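Each chain, letter by letter, is given below.
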Amino acid sequence: MRKVIGIGETILDIIFQEDQPHVAVPGGSVFNGMVSLSRLGVPVTFVSKLGNDRVGEMVCRFMRENGMTTDYVDVYPEGKTPVSLAFLSERKEAEYLFYTGYPDQRLDMAYPPVNEDDIFVFGSFYALDPLIHPWILELLEYVRKQKAIVYYDPNFRKRYAHKAIHIRSTVMDNYEYADIVRGSDEDFFNLYGQTNMDAVYRDEVHYYCKTLITTHGANGVNLFTEKSRLHFDVSAVTPVCTVGAGDNFNAGVIYGLIKQGVRYRDMPGLGAEMWKEIIRSGMELSAEVCQSYTNYISIDFAEKFSQSYTARGMTL
């Protein structure tokens, strides 16, 4: 059975509403999507690091409760597990403050097993950290040799925008290994000061990666490939909280790739109808997570969503 391998930060998200703490849940850009995929019945392996503290214990327990192995979570004896504070605006969009306490050292562990047609996911500033990036590049070389599909989400937040010009070469390194790049319009504005996604694809991404998906909140989703440019409208949703929306869009796209039987060798030839189903899956998971204060889809929704695919004669 195909599996999904992800690497990224693991944090505790404390979500504030009207300046009062409302809920605390384990989170992280790649982590959120991996939880949703595991709840959908997809075998997942998550690579990360945690501090040897109570928060780290909470996160590990949560992973095991959701069917995720902790075999590739590196626990630092002296480090603190990161915490983020997410302050919701009237539009239910989050402004973040991050508190980190990792020791200054790179990951030190064996590579997780990767097979042909597995899907490897990475992104966020975690994939740009100069202490970790050399190890990630080594892992990406291994993943490419195994002929796994590589999915990259820059998730480049506003708080890093002042570093953009210095970090673009590292972003391009990541593009070069990716089969799919997915980012929000805000990510690319923070990286390039550019609002024209056609120009981003043409000038920044296309040379390295031939498939770009850009998300624009209520304004829909754009897909750029060598064959075409497609736009997808999204259904109107009144959000409760948008934390995890993009992460779960990623999870939905990855789930769609698996459910549609898309293999590594198929990526260059995917047609519009196939992409329509895959993007639709991403939009449905993203819309669902916007209607709760958790960073991932619920177990009940996961069961219903997977059954809807089975009803159409598709199996994992």
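My aim in this report is to walk through the structure given alongside it, one point at a time. (Residues numbered from 1 in each chain as written. Predicted model: local features only at pLDDT ≥ 70, side-chain atom pairs only at ≥ 80, totals over all residues. Heavy atoms only, no water.)

1. Structural notes on unusual backbone geometry
- Although it is not a glycine, Asp19 adopts a positive phi angle of roughly 65 degrees.
- Its place among the elements puts Asp19 in the loop between strand E2 (11–17) and strand E3 (20–27).
- Taking the relative accessible area as the measure of exposure, Asp19 reaches 61% and is therefore exposed.
- Look at Asp117: it is not a glycine, yet its phi comes out positive at around 75 degrees.
- For Asp117, the location among the structural elements is in the loop between strand E7 (94–101) and strand E8 (119–123). (Helix = DSSP H or I, 4+ residues; strand = E, 2+ residues; numbered from the N terminus. Buried < 20%, exposed > 50% of the residue type's maximum accessible area, 1.4 Å probe, protein only.)

2. A few points about the packing of helix H1 (residues 29–39) against helix H7 (residues 245–259)
- Contact geometry of H1 with H7 gives a least axis separation of 8 Å together with a crossing angle of 45 degrees. Classified by the interaxial angle, the pair formed by H1 and H7 is oblique. Crossing of H1 against H7: the hand is right-handed. Touching Ser29, Asn32, Gly33, Ser36 and Leu37 of H1 are Asp247, Asn248, Ala251, Ile254 and Tyr255, all from H7.
- Here the contact of H1 with H7 is built from residues that sort into four nonpolar, five polar and one charged. (Axes fitted to C-alpha atoms, helices over the stretch in contact; angles between N-to-C directions. Parallel < 35°, antiparallel > 145°, perpendicular 65-115°, else oblique. Left-handed = near helix turned anticlockwise from the far one by under 90°. Contact = heavy atoms within 4.5 Å. Nonpolar A, V, L, I, M, F, W, Y, C, P; charged D, E, K, R; others polar.)

3. Quick word on the pairing of strand E1 (residues 4–7)
- A two-sided burial pattern is seen for E1, the buried positions comprising Val4 and Gly6 on one face and Ile5 and Ile7 on the other.
- Bridge count between E1 and strand E4 (residues 44–51): four bridges; the pairing is parallel. In the sheet register, Ile5 faces E4, and the bridge partner there is Thr45.
- Of the strand pairs in this sheet, E1 and E8 are connected by four bridges, and their pairing is parallel. In the sheet register, Val4 faces E8, and the bridge partner there is Ile119. (Pairing = 2+ DSSP bridges.)

4. Details of helix H4 (residues 164–177)
- Taking 1.5 Å of rise per residue, 14 residues should cover 20 Å, and H4 covers 20 Å from first to last C-alpha, within 8% of that figure.
- Those residues of H4 that sit buried are Ala164, Ile167, Thr170, Val171, Asn174, Tyr175 and Tyr177.
- Of the surrounding secondary structure, the elements contacted by the buried residues of H4 are E8, helix H3 (133–145), strand E9 (149–153), strand E10 (180–184), helix H5 (185–192) and helix H6 (197–205). (Expected span 1.5 Å × (residues − 1).)

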